[in-house]
Structures are given as structure tokens and as C-alpha cells.
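# Fold and contact review
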Amino acid sequence: MEWQLKWGGYQAKLEGVAKRIGKELGGFSKRPDMFKDCEPYWNAFMQLCLTREINEAGACPIKVSEINSWLDLHGVSDTDRRITYYEAITALDVSWISYQRKELREQKELSKNG
């Protein structure tokens, strides 16, 4: 997930630059492969990120009610599948929030020292 957070927003641009100069670029070349069976969970997480609330302290976790609504909307009714989605989404969310808070701390340190 860290690669996606650092480089994902630049993926298309970086691919174009790499193609134009004929070589891979530093961090972009370290992109991990995602297993096909993980894609549905990643896609669900990315869609649910759009429902995330932000407050003075920063990003809030994705609400359980949002996850349940997403599962209902997408016809995921099997209890075991719902649990698997829930566990995957919340694990991704914990990583995402941790990364965002780390970035915020580093930015505050830079502005303090800069």
C-alpha cells in the first residue's frame, strides 16, 4: 500500500516518462504486483475512501456502516465473504491512516525546522 500512496497518483505520468526515456524510474520500478484475488478488496477500499470523514485531527477511519452499505450495494450477502471484505478493508484502512499520520508528522517537522 505504501507504494500506491507515494507513487500511485503519478503512475500514468511516470509510465509515460519511462517509456519516453526508455528506462524505468527509481521508485516506480519497485512497484509490487497485486494478486488478482486481492483486487476486489483493494477496489472496495478505494471506493470507500471517498466516504471517509476528515476532522481537525485528520482522516477518520471508514465507518462500519459505510462498509456494510457498500457490501449490500454490491450484493455481497454471504457472511464469510462479508467478514473477509470487512477484515481486508479495515486492515487497509489502518495502514492508510498510519501512513497519512506519518506524512503529516513529517510535514509538521519540516515546517518547524524549515
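Refer to the structure above for everything that follows.
Notes on the structure follow. Just so we're clear, the structure is a prediction, and the values are computed from it rather than from any experiment.

### Here we look at the environment of Thr-90
Along the chain, Thr-90 falls in helix H5 (residues 79-113). For Thr-90, a relative accessible area of 23% corresponds to the partly exposed category. Sequence spacing of Thr-90 and Ile-67 is 23 residues, and the spatial spacing of their C-alpha atoms is 9.2 Å. A distance of 3.2 Å separates a polar side-chain atom of Thr-90 from the backbone oxygen of Glu-87.

### Regarding the packing of helix H4 (residues 64-73) against H5
Between H4 and H5, whose axes approach to 11 Å, the crossing angle comes to 135°. As judged from the angle between their axes, H4 and H5 are oblique. Handedness of the H4/H5 crossing: right-handed. Along the contact surface, H4 presents Val-64, Ile-67, Asn-68, Trp-70, Leu-71 and Asp-72, while H5 presents Arg-82, Tyr-85, Tyr-86, Ile-89 and Thr-90.

### Topic: the environment of Met-46
Relative to the helices and strands, Met-46 is located in helix H3 (residues 39-49). C-alpha separation for the pair Met-46 and Leu-92, spaced 46 residues apart in sequence, amounts to 9.5 Å.

Conventions used here
- Residues numbered from 1 in each chain as written.
- Predicted model: local features only at pLDDT ≥ 70, side-chain atom pairs only at ≥ 80, totals over all residues.
- Heavy atoms only, no water.
- Helix = DSSP H or I, 4+ residues; strand = E, 2+ residues; numbered from the N terminus.
- Buried < 20%, exposed > 50% of the residue type's maximum accessible area, 1.4 Å probe, protein only.
- Polar contact = N/O pair within 3.5 Å; in protein donor to acceptor, adjacent residues only side chain to side chain.
- Axes fitted to C-alpha atoms, helices over the stretch in contact; angles between N-to-C directions.
- Parallel < 35°, antiparallel > 145°, perpendicular 65-115°, else oblique.
- Left-handed = near helix turned anticlockwise from the far one by under 90°.
- Contact = heavy atoms within 4.5 Å.

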